[in-house]
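Summary of the model geometry
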Amino acid sequence: MLLDRTDVEKIAQLARLAVSDPEKEGYAVDLSKILDLVEQMNGVNTDRVTPLAHPLDMVQRLRPDEPTEPDQRDLFQRIAPAIKEGLYLVPKVIE
Amino acid sequence: MHHKTIAELAACLRRGEFTSTDLTRRYLARIECLDPHLNSYISVDPEGALAAAGRADVRLGRGEGGPLTGIPIAHKDIFCTQGIKTSCGSRMLDSFIAPYNATVVERLEQAGALVLGKTNMDEFAMGSSNETSFYGPVRNPWDVRRVPGGSSGGSAAAVAARLCAAATGTDTGGSIRQPASFCGVTGIKPTYGRVSRYGMIAYGSSLDQGGVIARTAEDCALILQAMAGFDPRDSTSVERPVPDYSAGLDTDIVGLCIGVPEEWLGTGLDPGVSAVVTAALTRFEAMGARVEQIRLPHSPLCVAGYYVIAMSEASSNLARYDGVRFGHRCRDPADLTDLYRRSRAEGFGTEVKRRIMIGTYALSAGYYDAYYLKAQKIRRLIADDFRRAFEQVDVIMGPVAPTPAFPLGAKIDDPVRMYLGDIYTLSLNLAGLPGMSIPAGFSADLPVGLQLIGDYWDETRLLAIAHQWQQTTDWHRTAPDFEP
């Protein structure tokens, strides 16, 4: 198996996902199986191949640096879980 | 009236045989009566739909409007709709009402189509069976013990069961074509960049593309016409004129050169599906086309390459769900990290978490070259295979999926088995090419689709081939005799 419980803990920490102890074993098995499948890629030599990041050869479009969107803070904050005086509320970060 | 195609319905509305309000009531009544057995809709909007139908009837009465005016459709619940919940099949967005409309939603509204509701889907479009939805699986109207395919399973099932005239879908790795095949309907995934992704919730941004599921190629052409085109709000939308798809439908296919990848008709393909594909190719030859064997030597690597790229992009795209600005938030977080970790753990389902974790791993320090960069090189090899093939042939045909619709629960606990079922659809997303699934026959009473793959921007030709096929076959007219 490619990954064990400790690896799962590390990945879950990077991904900001809480994973309970009983779940860790299951993820270790599933993620290892997926990585086994992915190993197929190593059957091909790709030393001289240029990576393809995007299906179309295109350049990023530019536009004049002028504001195009109006201020819609109130509208967007209406769907926020917790706000106060136009600010998003989170648990205290600095003591 | 619910058996009619959009083209037929539009003619009836124009002649005044019935009104858009009559038609909308019929679909709403069918949804109310039949959908509890299928679960193809997450949200239904009777008030909004009837109000829009009333407005359409006024326009139709004055002789105004276009071919979609007053036509009731549904949107996959991945497209943001102002005023109707957009859940993306996830608990994370169970209470999310988007403050804006997706460009696709806006354009179809401008074209006069009205929205019956939002269709069920695999959570964040991650699945091939519609079983990962927070709202429960969709059932296949041809056999309710089987899956409708995914991730646009709700759209395909709703179109097949005549619970809407057509529905939008999205296709990141086969999510329009595979459910269209499983449900016996017609689906088109356009070239990457053809349809705006603005307001379409992101999964794998370099792969995601919006499209249509309808009953005929003619209907797909009408809907795609309204959806397609440049959108300055999507930086990957391509500035390129949209041809008149309906005008191209009558193009003859005599002399058409069809390529069949030899890698796709070998082991692993269900004999019933293989028989349907072979019979379809013979029929195309009888219609005047020429069939040639081609090679896509790297396409078997598409599963490995696709899942690394899709999961990497997913892990990045889904980082925005943090419990702060919108979406699910856990109760009583101890600190900021706890808020992130528990909100995400509670809001996402198992498959989404698996993909986020693999993507996170593939992009993490020390593993990036071995996984993500390697997958991008495989992607180049797969795209180059297609480039060479299209120097030789006009269109590629083959199976959509290795089997017809499989039983609910058959693969859901084995992610790798589920992924391997996407073997014929993924390579086209990696290359960014357009593709379709068209009804081509049955295997053991289950519908089987034929996959058509076109060169870049060749949607017109794909739709014409599909339309010519549907002029001489009636698989697309066969409806499931689903009654609870």
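Residues numbered from 1 in each chain as written. Chains lettered and ligands numbered in written order. Predicted model: local features only at pLDDT ≥ 70, side-chain atom pairs only at ≥ 80, totals over all residues. Heavy atoms only, no water.

Across its full length, chain A holds three helices and two strands. If you list the helices and strands of chain A from N to C, you get α-α-α-β-β. For 95 residues, the compact-globule estimate of 2.2 N^0.38 gives 12 Å, and the C-alpha radius of gyration of chain A, at 23 Å, exceeds that figure by more than 25%. Counting only C-alpha atoms, chain A reaches 55 × 45 × 25 Å along its principal axes. Across the 95 residues that make up chain A, the buried fraction comes to 31%. Once local pairs closer than 6 in sequence are excluded, the contacts in chain A between residues at least 24 apart make up 38%. As displayed, chain A offers around 6900 Å² of accessible surface, 52% of which is attributable to carbon and sulfur atoms. Between the averaged position of the 12 positive side-chain charges in chain A and that of its 18 negative side-chain charges there is a distance of 4 Å. (Helix = DSSP H or I, 4+ residues; strand = E, 2+ residues; numbered from the N terminus. Rg over C-alpha atoms; globule rule 2.2 N^0.38 Å. Buried < 20%, exposed > 50% of the residue type's maximum accessible area, 1.4 Å probe, protein only. Contact = heavy atoms within 4.5 Å. Areas by Shrake-Rupley, 256 points an atom, 1.4 Å probe, with all protein chains shown as cover. Lys, Arg positive; Asp, Glu negative; His and termini not counted. Charge placed at Lys NZ, Arg CZ, Asp CG, Glu CD.)

Moving on, we get to the pattern of salt bridges. Residues and elements named next belong to chain B. For the structure on display, the rule yields 28 salt bridges over all chains. For R59, the salt bridge goes to E64, with nearest N and O atoms at 3.5 Å. On the basis of relative accessible area, E64 is assigned to the partly exposed category, the value being 30%. (Salt bridge = Lys/Arg side-chain N within 4 Å of Asp/Glu carboxyl O.)

When the pLDDT values of chain A are averaged, the result is 93; 99% of them are 70 or greater. Ranking the elements of chain A by mean pLDDT puts helix α3 (residues 73-77) of chain A last with 93 and helix α1 (residues 5-14) of chain A first with 97. (pLDDT = per-residue confidence, 0-100.)

This part covers unusual backbone geometry. Residues and elements named next belong to chain B. Looking along the chain, the bond that leaves G150 and enters S151 is cis, with omega of 10°. Positioned with a positive phi, F124 is a non-glycine residue whose angle comes to about 50°. A positive phi angle, near 65°, is found at A125, a position not held by glycine. Looking at the element boundaries, A125 is found in the loop between β3 (114-119) and α5 (153-160). We classify A125 as buried; its relative accessible area is 4%.

Attention now moves to the packing of helix α2 (residues 21-38) of chain A against helix α11 (residues 350-363) of chain B. One way to put it is that α2 of chain A packs onto α11 of chain B with a least axis distance of 10 Å and a crossing angle of 60°. Taken together, the axes of α2 of chain A and α11 of chain B lie oblique to each other. Seen from above, α2 of chain A lies across α11 of chain B with right-handed handedness. Touching E23, Y27, D30, L31, I34 and L35 of chain A of α2 of chain A are T350, K353, R354, M357, I358 and Y361 of chain B, all from α11 of chain B. Looking at the contact of α2 of chain A with α11 of chain B residue by residue, the classes come out as seven nonpolar, one polar and four charged. (Axes fitted to C-alpha atoms, helices over the stretch in contact; angles between N-to-C directions. Parallel < 35°, antiparallel > 145°, perpendicular 65-115°, else oblique. Left-handed = near helix turned anticlockwise from the far one by under 90°. Nonpolar A, V, L, I, M, F, W, Y, C, P; charged D, E, K, R; others polar.)

The next point concerns the interface of chain B and chain A. With 70 residues of chain B in contact, the opposing surface of chain A contributes 48 residues. Carbon and sulfur atoms make up 70% of the area that chain B and chain A hide from each other, which totals about 5200 Å². There are one salt bridge connecting chain B and chain A. Note that R354 of chain B is salt-bridged to D30 of chain A, the shortest N-O span being 3.1 Å. Of all the secondary structure elements, the ones that give two or more residues to the side of chain B that touches chain A are α9 (302-317), α10 (336-347), α11, α12 (368-392), α13 (415-420) and α14 (426-431) of chain B. Top contributing element to the side of chain B that touches chain A by residue count: α12 of chain B, with 12 residues. (Buried area = accessible area lost by both parts, 1.4 Å probe.)

Residue and element names in this part refer to chain B. By the element assignment, H75 lies in strand β2 (residues 72-76). By relative accessible area, which is 0% here, H75 ends up buried. The residues touching H75, leaving out its near neighbours within four places in the chain, are T81, V104, V105, L108, V115, G117, K118, T119 and T168.

Below, the discussion takes up the nonpolar core. Residues F124, F284 and L452 of chain B are the most contacted members of the largest nonpolar core, which totals 177 residues. With near-sequence residues (within four places) excluded, F284 of chain B lies in contact with I253, I258, A289, M397, L450, I465 and W469 of chain B. (Core = buried A, V, L, I, M, F, W, Y, C linked by side-chain atoms within 4.5 Å.)

On the surface, a nonpolar cluster with roughly 320 Å² of combined accessible area is contributed by F76, I83 and Y88 of chain A together with Y100 of chain B. Relative to the assigned elements, Y88 of chain A resides in strand β2 (residues 87-88). (Patch = residues over 30% accessible without salt bridge, like charges linked within 9 Å, V, L, I, M, F, W, Y side chains within 5 Å.)

Here the focus is the packing of α1 of chain A against α2 of chain A. Residues and elements named next belong to chain A. Here α1 crosses α2 at 100°, and the two axes come no closer than 9 Å. Overall, the two elements α1 and α2 adopt an arrangement that is roughly perpendicular. Counting all contacts with α1, which are made through R5, V8 and E9, the residues of α2 involved are D21, K24, E25, Y27 and A28.

Residue and element names in this part refer to chain B. Taken together, the five bridges between strand β7 (residues 257-261) and strand β8 (residues 290-294) define a ladder with parallel strand orientation. From the neighbouring strand, C257 faces β8, where its bridge partner is R290. One crossover worth recording links β7 to the parallel β8 by way of helix α8 (residues 271-286), and it is right-handed. (Pairing = 2+ DSSP bridges. Right-handed = clockwise from strand over helix to strand, strands pointing away.)

Below, the discussion takes up the environment of T168 of chain B. All names here are of chain B. Structurally, the position occupied by T168 is in strand β4 (residues 167-170). For T168, a relative accessible area of 1% puts it in the buried group. As a C-alpha pair, T168 and I188 span 20 residues in sequence and 9.8 Å in three-dimensional space. When residues no more than four places from it in sequence are discounted, the contact partners of T168 are A74, H75, K76, F79, V104, L108, S155, G211 and M227.

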